[in-house]
Structures are given as structure tokens and as C-alpha cells.
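Residue-level listing of the chains:
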Amino acid sequence: MSNVAGEREVKRRSLVRTVVRWALRAFLAIVLVAAIVFVFVFRDALYNRFVQFPREAKAWQRLQARRVDLSLDDGWNDYQGVCHSHSHFSHDSQVTFEEIQRALKETGRDFILMSDHCIDGKADYSLQWDGVKDGILFVPGFEMSGGFMPWGLPSNTVLDCGGDPELLADTIGEAGGLLFFAHSEEDRPWNLPQLVGMEIYNIHTDFKDEDGYRALLPDIVFSIRKYPDHVIRTIFDRQTEILANWDRLNKDRHIVGIAANDCHQNNGFTGRYTDEGKLLVEDTSPDTIGEYELNWWKRLGLRVLFGPLEPGRELFRFELDPYERMVRYVSTHILAHEMSREAILESLREGRVYIAFDVLADSTGFVFVADSRDGRAVMGERIPLGPDVRLRAGSPVPCRFTVVHDGVVAHQAEGRELDWQAKDAGKYRIEAEVDILGEWTPWVYTNPIEVAATAVASEANP
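Residues numbered from 1 in each chain as written. Predicted model: local features only at pLDDT ≥ 70, side-chain atom pairs only at ≥ 80, totals over all residues. Heavy atoms only, no water.

A.B. asks: Describe the side chain of Arg 325, with residues and values.
C.D. replies: Inspection of the secondary structure puts Arg 325 in helix α10 (residues 323–329). Within the buried set, Arg 325 has no salt-bridge partner at all; the shortest N-O distance to an opposite charge, 4.6 Å, is to Asp 229. If near-sequence neighbours (up to four positions away) are discounted, Arg 325 is found in contact with Ile 224, Pro 228, Asp 229, Ile 232, Glu 319 and Leu 320. (Helix = DSSP H or I, 4+ residues; strand = E, 2+ residues; numbered from the N terminus. Buried < 20%, exposed > 50% of the residue type's maximum accessible area, 1.4 Å probe, protein only. Lys, Arg positive; Asp, Glu negative; His and termini not counted. Salt bridge = Lys/Arg side-chain N within 4 Å of Asp/Glu carboxyl O. Contact = heavy atoms within 4.5 Å.)

Right, dumping it as C-alpha cells:
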């Protein structure tokens, strides 16, 4: 009996070992398959996190390290700022003006042109900050129906945001306002004579073709903490149709191009411990996502992850679009002689403006002028056509200059400086691209200089 029992025990143990081995093999196979599926599904995001984004970060750093001061001087100060942004007066933003000021100072910006949504159908220009506050110029503004976005209005102005477009444009023009169009991808009354300018780039416009957050979500999960600017940069597309429309309008008119940061700081969520001992989760729009009851083990988990549970304390916060990140993504540069409301708005009206994706490299000091014996013109100005008109540009980092003449590419050159003769009348602007990992990447768009067939020597700067 003992031998039989022993044999049975041996067989039982052998069977157990076999079962354990096969179970372990099955588990490892499942893990391996799951890992393969995971890598396959998230291959692009993983490649970005561990290969592409680190390479881009080094390329951006190398480009910035090559920055030098220019010998070419246009005679103006270059002020770097933000157009089209929102505050707590907008229904979809909670950011105070103190927070905006802090974000602008942290990113080294000089001015901001606001564009809050209307309040109960009205644009009250007395509500927002106005003037220079601790070195930052604030210019009140609202984003209205039909894309109207006027700046430079008196502080006692109250506009009906839903009014007839032509009457609204008349009111803005008579009050001395600068009428710009937001979201230039939409249908707009382009023939309005009061129109001063338009957005030639808008972050929100660029995001529209990304299929919502689904396309960005893997990169957000894997890379937003380590490479936040690179994640946001994945949405970039050259807004070719908008630029073509801008060139078309400028053939017969003077339409200023600006960039729109469209800052809201409303793509995220927060978790707060309430006085009632619950977890309140809100998005940063602000809307409530949910309020959750907490039992003992949930409270324990929150304490371990986020620290003490004090009534009213914010436990966690995630933001895809904090103000600082959106501010440094793209800038509108205005050439003026001083940092005052009057000087900045006058230069904005005239078009002494260029836009730049300064997240790639700081473009401050970029120069584009037209020189001849009759004088000099900068962006937004005119110079008479003659045999000696030369377009000159200078960049603080190496780039590829593209001269666009009335919407058509006329010339290209690489380096830090451009010097090219303009033989025909028309509007000339510059697109500058920087080399990022062997690919020419849009960086600067200048406003045009007009080379006029008729004499305008008095309008060019001597």
C-alpha cells in the first residue's frame, strides 16, 4: 500500500507541476500578447515619447543656441505679445487677470489683446484691465458673433454683440476701433470697409482637424508631463487656405495678419475635497463632472496619493492648455517706438506686425525691410517702385526665407540674411522656416510691404 500511495503522490505532484508550468506558460503568453498588442496600438505615441519628442527637444535647443543679434536694424522696438485670449469674464474660462499677468511675465511677453465672450449679449469695455500693469500692456476686447473682434475702443463703450454686422462695423469704425476677424476659416463679410485685420493662424482652428482629443489622447497620456510643448505642437498644420485668402484680400486692400493664441485654460479637470467629505471633480470650463461619495478605503487611497483631506483643498489638477503653454506657442510681434496703448494699436493698424511660433525658437528681432534711394519701409508700409528697391530680411537663427509676391512664391534663400531686388509692384511678404530634423518647418510670417507703382516716397521712413 505504501508503494502505491507513493506512486500516486508522485503522479499527483507531477500533474500539479505540469499544470503550474502550463498555467505559467499561458500567463506569460497572455502577457506577451498583451504587450505586443499594447505596443502595436500605441506605437506612434510610444515612438513620439521615446524617440521623436526627445530628438525634437534637442533640435529646438540647438536652434535656440545658435541665436545671435542682428546687424540689420529696422529702427523699431520689437514687442512680443498675445492676441485673442479669454479671462474669467468668458463663460468658458476661469482665469483671473492676476493669473494672466503672471503667465505673461513668466513667458516674457509684453502685451495682450483680450477677446472675452460677450456677457448677456453685451461687450462692456469697462470691465477688463486696460493699460500697462506692472510692465504688461492690457488692451480690452471681445469676441462677437460673426467673428468680430474689435480693439482700441473707449472704455465706456458697450456694444450689442448680436447686432447687424454693417451697423456694428459702423459703430466700431466711428469710435476709432480696430476691427479684426477671429476664426478666419469661417465665412466672414470680407468686404466690410472697416475691416483692419484677420487671424492668419489660430490654435483652435488648427485643432479642429484633429478629430477631437482622440487623436491626441495617447500622446497626452505618455508625454504631456515630459514634453508638453511637443504634444501641443503635433496639431500644427500650415493654414494654407487662410493665407491664400489673406493674400487675395491684400492685393487691393490693406489687411493686417495676426496670430490667435485663443487662451482659455479650460481643457482639464480638478478634484476637490468638499466640506461634506465628498470628492468634487470639475472640468476647468468650469462645469461639474461629478460629486462622489467616499468610503474609508477611498479616503485612504486619496490620502496616500494626494496628502491630507482638508475641506476645500484641491487634491489634483490636470490641464492640457495652461495659459503659459498657450502663450509661448505662438506670438504676435508688433514694431513700435514705445510700449504704450497708443503706439501698439497704431502699429497694429498699420501692419507693422509679424507672427512667429516662438516655441521653436525666439524670433524677437526678426527684420524685414524694403530699401531704396527714396527711403525705407518696414512691414505694413509702402515704398515706390524703382530700379534699386531691395527687400532685405534678417533672422536671429538660420532659416529659409521665402518671398511671397501677391500670393505667389517669388524667391527663396537660406541663411541668416536675405537681400533681393523687387522688380515689380505689389505686396511682398516673408515666410521663414527653420530646419527641424531635416524638415523645413514654418516659423515666421511677416505682414507685407507694398512696392507701389505710384510715388509714395513721403510714406516710406527716411
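A.B. asks: Could you give me a rundown of the sheet that holds strand β10 (residues 178–181), with the residues and numbers involved?
C.D. replies: Within the open sheet, the four strands sit side by side as β8-β10-β11-β12. Their pairing is mixed. This sheet does not close on itself; its edge strands, each paired only once, are β8 (148–151) and β12 (256–260). Mean inter-strand twist for the sheet, computed between neighbouring axes without regard to direction, equals 35°. Pairing of β10 with strand β11 (residues 195–202), which is carried by three bridges, proceeds in the parallel orientation. (Pairing = 2+ DSSP bridges. Axes fitted to C-alpha atoms, helices over the stretch in contact; angles between N-to-C directions.)

A.B. asks: Could you give me a rundown of the nonpolar core, with the residues and numbers involved?
C.D. replies: One recurring pattern in soluble globular proteins: nonpolar side chains tend to sit buried together. Judged by nonpolar contacts, the single largest core of 96 residues is most densely connected at Ile 100, Met 144, Phe 148, Tyr 323, Tyr 329 and Trp 443. Among the elements that make up this core, the one with the highest residue count is strand β22 (residues 390–405) (six residues). Contact partners of Tyr 329, with chain neighbours within four places excluded, come to Tyr 201, Ile 203, Asp 206, Ile 232, Arg 233, Ile 235, Phe 236, Ala 356, Phe 357, Asp 358 and Val 359. Counting residues in each nonpolar core, the second largest holds 21 residues, with Leu 137, Ile 258, Leu 345 and Val 353 among its members. (Core = buried A, V, L, I, M, F, W, Y, C linked by side-chain atoms within 4.5 Å.)

A.B. asks: Give a description of the side chain of Ser 90 that names residues and reports values.
C.D. replies: Relative to the elements of secondary structure, Ser 90 occurs in the loop between β1 (77–83) and α3 (97–106). In this structure the side chain of Ser 90 is engaged in a polar contact, spanning 2.9 Å, whose partner is the side chain of His 86. Within the structure, the side chain of Ser 90 is placed 2.6 Å from the side chain of Asp 116, a separation counted as a polar contact. Ignoring anything within four residues of it in the chain, the contact list for Ser 90 reads Asp 116 and His 117. (Polar contact = N/O pair within 3.5 Å; in protein donor to acceptor, adjacent residues only side chain to side chain.)

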